[in-house]
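Observations on chain architecture
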Amino acid sequence: MGAVLALAASPALAADDGKTSPNVKRIANVPKKAPFDAGDAYGTDLAFQGDYAYQGNYYGFTVYDIKNPAKPAVVSRVSCPGAQNDVSVRGNLLFLSVDEPLRNDSCKGETGSEASASSWEGIRIFDISDKARPKYIKAVKTACGSHTHTLVPDKAGKAVYLYVSSYGPEAKFPGCKPPHDRISIVKVPLDRPTAAKVVATPVLFPEGGNETQEGLLLPTSGCHDITVFPKKNLAAGACMGDGVLMDISDRERPKVTATVTDENFAFWHSATFNNTGNKIVFTDELGGGLGATCTKAVSPERGANAVYDIEGGQLVRKSYYKIPRVQTTSENCVAHNGSLIPVKGRDIMVQAWYQGGVSIWDFTDSAQPTEIGYFDRGPLRPADLGGSWSAYYYNGHIYSSDIQKGLDVLRISDKRTAPAAKVRLKVLNAQTQNAF
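This report concerns the structure included in the present document. Just so we're clear, the structure is a prediction, and the values are computed from it rather than from any experiment.

1. Overview of the sheet that holds strand β9 (residues 93–102)
The four strands lie next to each other as β8-β9-β10-β11, forming an open sheet whose pairing is antiparallel. Strands at the two margins of the open sheet, each flanked by one partner only, are β8 (84–90) and β11 (135–141). Here the strands of the sheet are splayed against their neighbours by 25° on average, with no regard to which way each runs. Both β9 and strand β10 (residues 120–127) contribute to a ladder of seven bridges, which runs antiparallel. Opposite L93, over in β10, you have D127 as the bridge partner.

2. A word on the pairing of strand β14 (residues 184–189)
Of all the six residues making up β14, five are buried; the element is thus mostly covered by neighbouring parts of the structure. Sheet topology note: the strand β13 (residues 159–165)/β14 ladder contains six bridges and is antiparallel. Paired with Y163 across the two strands is I185, which belongs to β14. Of the strand pairs in this sheet, β14 and strand β15 (residues 197–200) are connected by three bridges, and their pairing is antiparallel. Bridging from a neighbouring strand, I185 pairs with A200 of β15.

3. Some points on the packing of aromatic side chains
Going through the model one piece at a time under the given rule, you end up with 16 aromatic pairs. For the pair F229 and F273, a centre-to-centre distance of 5.9 Å together with 65° between the ring planes defines the contact as edge-to-face. Of this pair, F229 sits in strand β16 (residues 225–229) while F273 sits in strand β20 (residues 268–273), and the two are 44 residues apart along the sequence. Residue classification places F273 among the buried residues on the basis of a relative accessible area of 0%. Each ring, one from Y354 and one from W389, has its centre 6.3 Å from the other, and the planes form 80°; the classification is edge-to-face. Of this pair, Y354 sits in the loop between β25 (348–352) and β26 (358–362) while W389 sits in strand β28 (residues 388–394); the two residues are 35 residues apart in sequence, bridging distant segments of the chain. Judged by its relative accessible area of 3%, Y354 is buried.

4. Thoughts on the sheet that holds strand β22 (residues 305–311)
The strand order β20-β21-β22-β23 describes an open sheet built from four strands, whose pairing is antiparallel. Looking at strand neighbours, the two that pair on one side only are β20 and β23 (314–321), the edges of this open sheet. Adjacent strand axes in the sheet meet at a mean angle of 25° when their direction is disregarded. Taken together, the five bridges between strand β21 (residues 279–284) and β22 define a ladder with antiparallel strand orientation. For F282, the partnering residue across the bridge sits in β22 and is A306.

5. Considerations on unusual backbone geometry
In this structure, the amide linkage connecting A34 to the following residue, P35, adopts the cis form with an omega of 10°. Going from P178 to P179, the amide bond is cis rather than trans, its omega being 5°. Assignment of secondary structure puts P179 in the loop between β13 and β14. Phi is positive for H180, close to 50°, though the residue is something other than glycine. Tracing the sequence through the fold places H180 in the loop between β13 and β14. A residue is classified by how much of its surface remains accessible, and H180, at 7% relative accessible area, is buried. Its identity as a non-glycine residue notwithstanding, Y354 has a phi of 50°, on the positive side.

6. Focus on the state of the cysteines
Here the structure, examined in full by the defined rule, presents four disulfides. Sulfur-sulfur distance for the disulfide between C80 and C107 comes to 2.0 Å. Taking the torsion about the S-S bond as the criterion, the C80 to C107 disulfide, at about -75°, is left-handed. A residue pair is termed long-range when its members are at least 10 positions apart, and C80 in the loop between β7 (73–79) and β8 and C107 in the loop between β9 and β10 qualify at 27 residues. According to the relative accessible area criterion, C107 is buried, its value standing at 12%. What pairs with C223 in a disulfide is C239, and their sulfur atoms sit 2.1 Å apart. On the sign convention where negative is left-handed, the bridge of C223 and C239, at about 75° about the S-S bond, is right-handed.

Here is what the cut-offs are and how they apply
- Residues numbered from 1 in each chain as written.
- Predicted model: local features only at pLDDT ≥ 70, side-chain atom pairs only at ≥ 80, totals over all residues.
- Heavy atoms only, no water.
- Pairing = 2+ DSSP bridges.
- Helix = DSSP H or I, 4+ residues; strand = E, 2+ residues; numbered from the N terminus.
- Axes fitted to C-alpha atoms, helices over the stretch in contact; angles between N-to-C directions.
- Buried < 20%, exposed > 50% of the residue type's maximum accessible area, 1.4 Å probe, protein only.
- Phe/Tyr/Trp six-rings, centres within 6.5 Å; stacked < 30°, edge-to-face > 60°.
- Disulfide = S-S within 2.5 Å.

See below:
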């Protein structure tokens, strides 16, 4: 069981408020606190449920009460180290991804050996019925670990599936050998979550993925992230060298129906459908999130988003989108995690760009995406890895998980996004999309 600490949070804004467009205001910040205050205690992904937000961290996760978005309060911090602790929630269950070899599946975080078959990495499951004292109840080992995972409800409402994305195989790794052109699927019975287990490891690239493209491309050897649209039985995979469209009518047997490559992409990182499911925004994490790719020296087609329309079942690129503000060479900046802002009839997205900040942009016209708002904190001093890891819209506000600065809450006041404030969700796992 992870150590749980209940701590008070300060909603006061720090001195580095940053710059915003006139229609965006930061209304709260909860800074990192012990045991998550070390420089390498990176804040990661976010999930939401009711009046609560859940923030992953390389050292564990934090539960926030966000009933008053201007005064978010820490309910608990759970110490359970493991990269990256990508997070999702369903009912009284919270799921974490661990993508580093540990000596065992406990929350001690003791480093194991990649060359040892006894090392553990994969999915951790917590019972969060008591938000102040989450309880660690189950671990599931998965091949090559779990860099990210995507929650997929079954059609009967009795279980959830976790599509586990992982990559980076090497011949010397006993449980992660090349080519690793597959994902792992974990089934979690909702009435008996401790019975969770891997039920399938479907091969998505039986003939191999994109291995020969010239340039900076990392070849396909697994997937980085998958986004699902369960009601439409669709999934979009960002698989290092390829973007894929999948049919998930059979949850345990996803079928790739289209693949696409892009001469400007170096690392297919994530995917977001529009609300009607006929477009996908793919992101290119050029430099793996460590590099300064929003400088004058890097073209606007690199480290950017690519907007693809789905036409006749195929993916057709229409444009690229990159933040228009040039960043310094000390700021790690590249396209990262985001979600739709729920405005019917329009395609508007909020997105994290690490030290490029948070961007709100409109891709209703697939060929001409435009930014409509932003929050940009500015470079860290001294220079360090930082910035917004994930930025999501939830029930009237934008929440940004900052790698070093904790949790930011933003408000956008714009006639183009105003209708979204009336949309109320009970839960948001950004990689599990539902029509609004």
